[in-house]
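# Survey of secondary and tertiary structure
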2 protein chains.
Amino acid sequence: MNLLLLEDGDFIAADRVRLDGRRLTHLHEVHRAESGDTLRVGRLGGEMGGGQLLQLDANSAELQVSFDQPPPAKLPLTLLLALPRPKMLKRVLQSVAAMGVPRLILLNSYRVEKSFWQTPFLEPAAIREQLILGLEQARDTVLPEVIVEKRFKPFVEDRLPQLAAGTLGLVGHPGLYPACPRAVEQPVTLAIGPEGGWIPYEVDKLAEAGLQPVQLGERILRVETAVTALLARLF
Amino acid sequence: MNLLLLEDGDFIAADRVRLDGRRLTHLHEVHRAESGDTLRVGRLGGEMGGGQLLQLDANSAELQVSFDQPPPAKLPLTLLLALPRPKMLKRVLQSVAAMGVPRLILLNSYRVEKSFWQTPFLEPAAIREQLILGLEQARDTVLPEVIVEKRFKPFVEDRLPQLAAGTLGLVGHPGLYPACPRAVEQPVTLAIGPEGGWIPYEVDKLAEAGLQPVQLGERILRVETAVTALLARLF
């Protein structure tokens, strides 16, 4: 936790917050914080700044806070991701928030196991929890938008063409395709497939919607690694 | 497991292997393989090719194998990593093997908790297990060399200058430093710090040994994400 992220409910005055639960435990156990310490803070959806610990005990912490700094810029990106397996989903949500992806669309694909759609980690509160961990890691305050699309064909036919219009549309896909471009200047719509990859029909449909396949070399990367590698190369 | 990685002990003839244990379970449960199926195989430290399942039951599998393809090239890189916490270490070892790092040096740093050096995941057999998972993921056969250096100063003063000689020496470090270069052509020696970063003394010592700080932007990334992002940008 490199940023103590504050929500409206934490405020007991305009410049004062009271914390308990996970963040309190973290202050004790990881920061080993004491009264008087100053910490980086951010207001969820708002600015970042500093907080001074006025009081800290086993039950709560109180800080005086001020905000004077905008959060870091987001990437000019819409990321489409075939729904990963639940354990991977948690980590990918953290990575996506940490790297500054502003919009993530979790999409079905032929190779997404049906059981993955049943995971409790897809509940909005569970998604939000992982995104917050990513924001705290990277020092950002703005939650990415996460959209869940359980039907591939209607989404890709009816909605994706407008979403991708005016952007560089790319599909990360192993094979004899051009190498993923580097340091692009324009907004990007990027689709990353499931373990085992998109099936050819899906690659064709994504191409019809304006997303062209690009590759990262012959090594097959895990989804989480592929997301990070593609974003680091593109931006 | 995108490659069935075979070791000398698996061979019961020059072109035939018998498997049990983890790989057999994987064939049953993930590949749902049946007699007659063909699979990608690789010989640890050697070539890759194909294998046909001659027989498969609850106790063992037999394959007829042939090899005709070299493994993918490694990156021209020596990676120095402050020893991560044990859970992260496992994933980093997998990533490092998957991304094609040929040599990894696990190094002490002021912000590495002493207890991290006690983890059983630093045992050679445990390191090897994670590296193999990374090779199987990425389809590679060549184990990276992993060197454990528990003392920062003697290593950085006495051995690092020679290791880094003739390479582009870089330290990934947040701050007012030049941006990490992209698509470099020469060999690289790259050092990545612990959670919380290198301390200034360590940055100075690494610079004396020929490694200059570079940054990836204002977001603080987890070690595993930083490794992937830096490698994807550099190569």
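Check the entry above for the structure.
The text that follows walks through the structure, step by step, so that each part is easy to find. (Residues numbered from 1 in each chain as written. Chains lettered and ligands numbered in written order. Predicted model: local features only at pLDDT ≥ 70, side-chain atom pairs only at ≥ 80, totals over all residues. Heavy atoms only, no water.)

### Digging into the pattern of salt bridges
Summed over all chains, the structure comprises 30 salt bridges over all chains. Between B:Lys153 and B:Glu157 there is a salt bridge whose closest N-O contact spans 3.9 Å. Here the residue B:Lys153 and the residue B:Glu157 both occupy positions in helix H4 (residues 152-164), the gap between them amounting to four residues, near one helical turn. On the basis of relative accessibility, which here comes to 41%, the residue B:Lys153 falls in the partly exposed class. Across the pair B:Glu208 and B:Lys205 runs a salt bridge whose closest N-O atoms are separated by 3.5 Å. With B:Glu208 and B:Lys205 both in helix H5 (residues 200-208) and three residues apart, this pair spans about one turn of that helix. Look at B:Lys205 and you get buried, because its relative accessible area is 11%. Residues participating in the shared-partner salt-bridge network are A:Lys153, A:Glu157, A:Lys205 and A:Glu208. (Salt bridge = Lys/Arg side-chain N within 4 Å of Asp/Glu carboxyl O. Helix = DSSP H or I, 4+ residues; strand = E, 2+ residues; numbered from the N terminus. Buried < 20%, exposed > 50% of the residue type's maximum accessible area, 1.4 Å probe, protein only.)

### Let's talk about the pairing of strand E3 (residues 16-19) of chain A
Residues and elements named next belong to chain A. The two faces of E3 differ: Val17 and Leu19 on one face are buried, but Arg16 and Arg18 on the other face are not. In this structure, strand E2 (residues 11-13) lies alongside E3, joined through two bridges in antiparallel fashion. Looking across to E3, one finds that Phe11 is bridged to Val17. What sits between the antiparallel neighbours E2 and E3 is a turn of two residues. Pairing geometry for E3 and strand E6 (residues 61-69), over four bridges, is antiparallel. Across the sheet, Val17 pairs through a bridge with Leu63, a residue of E6. (Pairing = 2+ DSSP bridges.)

### Section: the sheet that holds strand E5 (residues 48-56) of chain B
All names here are of chain B. Sheet architecture is open: six strands sit in the order E1-E4-E5-E6-E3-E2, paired in mixed fashion. Only two strands of the sheet have a single partner each, and these edge strands are strand E1 (4-6) and strand E2 (11-13). Ignoring which end each strand starts from, the neighbouring axes of this sheet average 40 degrees apart. Bridging between E5 and strand E6 (residues 61-69) involves eight bridges; their strand directions are antiparallel. Paired with Gly49 across the strands is Phe67, a residue of E6. (Axes fitted to C-alpha atoms, helices over the stretch in contact; angles between N-to-C directions.)

### Re the packing of aromatic side chains
Tallied over the entire structure, the rule returns four aromatic pairs over all chains. On the numbers, 6.3 Å between centres and 45 degrees between planes, the contact of A:Phe11 with A:Phe67 is tilted. Here A:Phe11, found in strand E2, pairs with A:Phe67, found in strand E6; they are 56 residues apart in sequence, far enough to count as distant. Note on A:Phe67: relative accessible area 24%, which makes it partly exposed. Their ring planes at 50 degrees and their centres at 6.0 Å tell us that B:Phe152 and B:Trp198 sit as a pair that is tilted. Pair noted here: B:Phe152 is in helix H4 and B:Trp198 is in the loop between strand E11 (188-192) and H5, with a separation of 46 residues, a long-range link. Residue classification places B:Phe152 among the buried residues on the basis of a relative accessible area of 8%. In this structure, A:Arg43 is placed above the aromatic ring of A:Phe11, and the distance from its NZ or CZ to the ring centre is 3.7 Å. (Phe/Tyr/Trp six-rings, centres within 6.5 Å; stacked < 30°, edge-to-face > 60°. Lys NZ or Arg CZ within 6 Å of the ring centre and 35° of its normal.)

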